[in-house]
Amino acid sequence: MSEIIKTEAIVLSKMNYGDTSNILSVYTKDYGKLSVIIKGARSPRSKSGFIADPPNHVQIVIYKKDTRDLQVLSSIDLISYFPHMKEDIDRLKYSFAIIELVKKLTPENETNLRLFNGLSRILSLIDSSDEMPGILFGRFFLFFLKEIGYELQLKKCASCERSDLTEENLGYNFDIGILCSNCSIKNRVDFKLSQELFNYLLCLNSNKSADIFKEFTLDKAIIFMERYLKFHIPDFNGIQAFQAIK
Ligand SMILES: [Zn+2]
């Protein structure tokens, strides 16, 4: 038995299948990540063509069968195609990095409404907010780590539990968390966090304005989170969206 369902989704990827079809990976509001096939999508009369491009926000109707890995799409309508980001290589790069993280690191068929809302909101912000896309990406990355079960531990030193850490250089041990300058000497440090980098991460976490930080710090924060993810998920090979454009 299959049921007909209607849900919102963000298109994570699209690839050709056979002579005329497309297979999409989508992150849906009600069912988490799904793979769907659009039969005949590439035939001349089909209207689904650009509507199904990543990272569009769409509404889809599918014939859903739980025993099937690939669901069949019945219709697709556009909610937003984020027009501004498509004219700006920087915004586009970070948007693709976001959908890549979601595609690679979330399980299929697992609903997470918070993640769906966070995903659609961050794409809207990258499209139209004045905040630098690199900062918006940093905020999403921190949030995403938490949602997939690898929240960064930034509140207090994981060894001595001291919590006033904003005025010194720190270390991060990927197994136990942040280390104060003293405890960094006695414990394994996987990543050195300068005072500036730590304060930037706190800003990202609390949603405070992060305009004062150097671009170097924005990039360093992303490298730090990437390295941390690779440590916990050995199959994760880094964010390809950045490597393709560099
Ligand atoms: Zn300490």
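This structure is a prediction, so every number in the text was calculated from the model and none was measured.

J.: Looking at this structure, I do not really get the packing of helix 1 (residues 89-105) against helix 3 (residues 133-147). What am I missing?
T.: Remark: helix 1 packs on helix 3, axes separated minimally by 9 Å, with the N-to-C direction vectors making an angle of 10°. The pairing of helix 1 with helix 3 is recorded here as roughly parallel in orientation. Contact residues: helix 1 offers Asp 90, Arg 91, Tyr 94, Ala 97, Ile 98 and Leu 101, while helix 3 offers Pro 133, Gly 134, Leu 136, Phe 137, Phe 140 and Phe 144. Counted by class, the contact of helix 1 with helix 3 contains 9 nonpolar, 1 polar and 2 charged residues.

J.: Explain the sheet that holds strand 8 (residues 191-193) to me, please; I cannot follow it from the model alone.
T.: Note: strands within a sheet are paired through backbone hydrogen bonds, in either parallel or antiparallel orientation. Read from one edge of the open sheet, 3 strands run 7-6-8, paired in antiparallel fashion. What marks the edges here is a single partner per strand, and that holds for strand 7 (177-179) and strand 8. Taking the axes of each pair of neighbouring strands and ignoring which way they run, one obtains an average angle of 30° across the sheet. When strand 6 (residues 170-173) meets strand 8, the two strands line up antiparallel, connected through 3 bridges. Bridged to Tyr 172 within strand 8 is Phe 191.

J.: Hey, could you run me through unusual backbone geometry in this one?
T.: Residues Pro 54 and Pro 55 are joined by a peptide bond in cis, for which omega reads 0°. Take Pro 55: it is sitting in the loop between strand 3 (32-38) and strand 4 (57-64). In this structure, Phe 82 takes a positive phi of about 50° despite not being glycine. Positive phi values are uncommon outside glycine, yet Asn 207 reaches one of about 65°. Tracing the backbone through its elements, the reader meets Asn 207 in the loop between helix 5 (195-206) and helix 6 (215-232).

J.: I'm lost on the packing of helix 2 (residues 113-128) against helix 3 in this one. Help?
T.: For any two helices packed against each other, the geometry is given by the interaxial angle and the distance between the axes. Between helix 2 and helix 3, the least distance of the axes is 10 Å, while the angle of their chain directions is 175°. When the interaxial angle is binned, helix 2 and helix 3 end up roughly antiparallel. Between helix 2 and helix 3, the residues in contact are Arg 114, Leu 115, Gly 118, Ile 122, Leu 125 and Ile 126 and Pro 133, Leu 136, Phe 140, Phe 143 and Glu 147, respectively.

J.: Any chance you could explain the sheet that holds strand 1 (residues 3-17) here in plain terms?
T.: Strands sit in the order 1-2-3-5-4 around a closed barrel of 5 strands; the barrel is mixed. For this sheet the average axis-to-axis angle between neighbouring strands, irrespective of direction, equals 50°. The sheet contact formed by strand 1 and strand 4 spans 8 bridges and is antiparallel. Pairing of Thr 7 across the sheet is with Ile 60, part of strand 4. Packed onto the sheet, helix 1 meets strand 1 and strand 2 (21-28) and runs at close to 110° relative to strand 1. Running at roughly 55° to strand 1, helix 2 makes contact with strand 1, strand 2 and strand 4 of the sheet.

Calculation criteria
- Residues numbered from 1 in each chain as written.
- Predicted model: local features only at pLDDT ≥ 70, side-chain atom pairs only at ≥ 80, totals over all residues.
- Axes fitted to C-alpha atoms, helices over the stretch in contact; angles between N-to-C directions.
- Helix = DSSP H or I, 4+ residues; strand = E, 2+ residues; numbered from the N terminus.
- Parallel < 35°, antiparallel > 145°, perpendicular 65-115°, else oblique.
- Contact = placed C-beta atoms within 7 Å.
- Nonpolar A, V, L, I, M, F, W, Y, C, P; charged D, E, K, R; others polar.
- Pairing = 2+ DSSP bridges.

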